[in-house]
Amino acid sequence: MLSLEDILETVSHYNPGADFDLIRKAYVFSAKVHQGQKRQSGEPYLIHPLEVAGILAGMRLDAPSIATGLLHDTVEDTLTTLAEIEQLFGKEISHLVDAVTKLSKIDFVSKEERQAENFRKMFIAMAEDIRVILVKLADRLHNMRTLHHLSEERQIKIAQETLDIYAPIAGRLGMQEVKIDLEDLSFKALKPDVSKQIEEKTALLKKRSDKTLTEVAELLNDKLKEYSLTAEVQSRVKHPYSIYRKMEQQSIEFEQVYDLLAFRIIVASVQQCYEGLGIIHSLWKPVPGRFKDYIGMPKANNYQSLHTTVIGKGGQRMEFQIRTREMHEIGEWGIAAHWKYKDKGAVANKDEIKFRWLRQFMEWQKELLDPAEYLDTVKLDLFASDVYVFTPKGDIREFPRGSTPVDFAYSVHTDIGHQCVGARVNGRIVPLRYPMKSGDTIEIITSSNHLPSKDWLKFVGTSRAKAKIRQYLREDEKEKSTQMGEELLTREFSKYHEDFGRIQKSELFETFLKKGGFKSKEHLLSMISYGKMSPHQVVATLLPPEKLVDQKPDEESGFTRLFKRSADKTKGIVRVGDHDDILVSFSKCCNPIVGDSIVGFISRGRGVRIHTLECPKVLTTDAARRVEVTWDKQAKGIFSQAKIKVVCVDKPGLLADISKSISAQGANIANAFCQTTGDQKAINTFDVGVENLSHLYTLIKALEKVKGVISVERIKGQ
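Residues numbered from 1 in each chain as written. Predicted model: local features only at pLDDT ≥ 70, side-chain atom pairs only at ≥ 80, totals over all residues. Heavy atoms only, no water.

### Quick look at unusual backbone geometry
Despite not being glycine, serine 228 shows a phi value in the positive range, around 60°. Turning to its location among the elements, serine 228 is positioned in the loop between α12 (192-226) and β1 (232-237). Even without being a glycine, asparagine 426 presents a positive backbone phi close to 55°. Classification of asparagine 426 by relative accessible area gives partly exposed; the value is 49%. (Helix = DSSP H or I, 4+ residues; strand = E, 2+ residues; numbered from the N terminus. Buried < 20%, exposed > 50% of the residue type's maximum accessible area, 1.4 Å probe, protein only.)

### As for the nonpolar core
Membership of the largest hydrophobic core comes to 97 residues, with the highest contact counts inside it found for Val11, Ile66, Ile133, Leu173 and Phe320. Ignoring any residue separated from it by four or fewer positions in sequence, one finds valine 11 in contact with Pro16, Ala18, Phe20, Ile23, Ala57 and Ile66. Of all hydrophobic cores here, the second largest spans 23 residues; its members include Val389, Phe408, Ala409 and Phe459. (Core = buried A, V, L, I, M, F, W, Y, C linked by side-chain atoms within 4.5 Å. Contact = heavy atoms within 4.5 Å.)

### Brief notes about the pattern of salt bridges
Tallied over the entire structure, the rule returns 22 salt bridges. Two residues, aspartate 98 and lysine 102, come together in a salt bridge whose shortest N-O distance is 3.3 Å. A residue pair is termed a helical-turn pair when its members lie 3 or 4 positions apart in one helix, as aspartate 98 and lysine 102 do in helix α7 (residues 91-104) at four residues. Taking relative accessible area as the criterion, aspartate 98 reaches 21% and is therefore assigned partly exposed. Where arginine 145 meets aspartate 181, a salt bridge forms, and the shortest distance between an N and an O atom there is 3.5 Å. On the criterion of sequence distance, the pair formed by arginine 145 in helix α9 (residues 131-145) and aspartate 181 in helix α11 (residues 176-190) is long-range, its members being 36 residues apart. Residue classification places aspartate 181 among the partly exposed positions, given a relative accessible area of 28%. (Salt bridge = Lys/Arg side-chain N within 4 Å of Asp/Glu carboxyl O.)

### Thoughts on the packing of aromatic side chains
Geometrically, a pair of aromatic rings is defined through the distance of the ring centres and the angle of the planes. Scanning the model with the defined rule gives 14 aromatic pairs in all. Between tryptophan 284 and phenylalanine 320, the aromatic rings sit 5.5 Å apart at their centres with planes inclined by 25°, giving stacked as the arrangement. Placement of the pair is tryptophan 284 in the loop between α14 (270-283) and β3 (285-286) and phenylalanine 320 in strand β6 (residues 317-324), with a sequence separation of 36 residues. Pair check on accessibility: tryptophan 284 and phenylalanine 320 agree, each one buried. On the numbers, 6.5 Å between centres and 75° between planes, the contact of tyrosine 410 with tryptophan 456 is edge-to-face. Taken together, the residues tyrosine 410 in helix α19 (residues 405-412) and tryptophan 456 in the loop between β11 (442-446) and α21 (463-494) connect sequence positions 46 residues apart. For the pair tyrosine 410 and tryptophan 456, a shared accessibility class is recorded, and that class is buried. (Phe/Tyr/Trp six-rings, centres within 6.5 Å; stacked < 30°, edge-to-face > 60°.)

Below, the structure written as structure tokens:
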């Protein structure tokens, strides 16, 4: 068990002048207020704040951060107040403890409006004092290490949140070691069987490769000494989650992941990095296209290193990373390795560039008011950029992998993006779908008559481009709905020989809008267009009763006419507002199943269309069409159709094993499409009937256990 003296010894190595009395005082206070408390494991609660403080000391943080690690749960889990913390430890630590406590209460799986607000709070806290998120990451890391003591349901919830939120944040901050640990621990909780298989194969590979790793390290050390280069050579096997992700992305088995062996070479200077690269390439043949210079063009999180992959003995691929000691520390611990604090954790001016991404991110995210769109952009922006391209003037711009010239155009200006008709890359005309590569020079071709296309959303890679295209599409849809609403209302007034153009200019119409709670005339017209209000309701309110005697229009509202009572197959599955008898249809673009987070949109002639919250179409649809929908709690025993893709080895009998596993889980195969590939694999797509989301997850876990199955994933859409 970690002790206070262990922590103090670690701190003394990198900061001999630290306030050790402050750390001791925080420890004594934490031990006192947590006395008698136990964790789920049955261990004394004090072990947790000690471990968190130990992780922070490993990050080489300052004394206030380590004291905060020891105190971070005192306000939430004991009778301690913030006023007491401030009185005993000062405003700085009180502020940090308060901010970490608030982060601990954030729920990232709540309704999207609250979830979006929680994300905003987290990023504001990070921008005000980066130490807040560093303490929270240390807290989450230790909780993940002891996750197995919780129920399976809690494990899955916390692990998924860690994989979706905290691991990417650690990566964005350049904290590679923390990111790797969080990913592997999450992977172990979410896919225990797959994780165990990869760990066993990795351990076996390491055992078999020990001799190779030693031989390569010795050969390299000898060669480096020959050129008077003093270097530290480290070897490792890639971590389980990164192996799994590569298997998933490339649909390959463990044995087909080539670059599992990796080496780090730590040298004294930047010049020696390039000299070391030359020595490596003189010893082994480099793999074309696998060299990356992150020293000349650092990543957005300030990561710097030279990467190259070579062919070793027996055709084995080996990856080398070459860096200085300072680069290595930043590569392992990111911002924590070099952060300099002024008052209250503010950033020193010379380090501002290292945290620029968060400032820029927060600045333009202010434009995004829609919670669903904000959440979508947050998840895109959490991942570090790793493609570096040049403007025609030679300026460098960074983008996420897979970004296109359309993303480049929107990064220049919204109008340039909207009017983009083509692009030249390195002087050559390319399609707008072209994925930009590091080193490309991009030139955008525009036309003032051109407008964005909905198809662009299928290939753009940046959150900014997506947001601007969606904004345009929503405005366009809103304009069309307003025109249609005006046509319907004009036609209704004409039945009574009245001119809507004249009526809308009257004071009576203005009063009607205010009393009806309509934001504007356009709001009313869109409500009519989408059937939420009938034109006759407006006419009946604005015209005197004697004018309405001759005509007897249908008194039903547009909403009622549009959504007649549903057929038995949809009744009772989804509630629209407080109703369970509204006609609903499930969108094929995302295939919602019971348990998914859903949203409804009014459609003409097809009732309310149900989408999952993550469906891309949700973000391009006019919000005026949106209605509140929920799964009916009584909807049990009703099977929804889900689509899954199973990638497996192409061998006799395996398809039968997969079918048997599906049947064993009580799911029914409604449709199947199977095809083999040229590399002895098969890709199978199944439409399966499942009762709910939990049933689907159980089915996926069962399929992952079938011998010969490489990966299983749900496909949302046709």
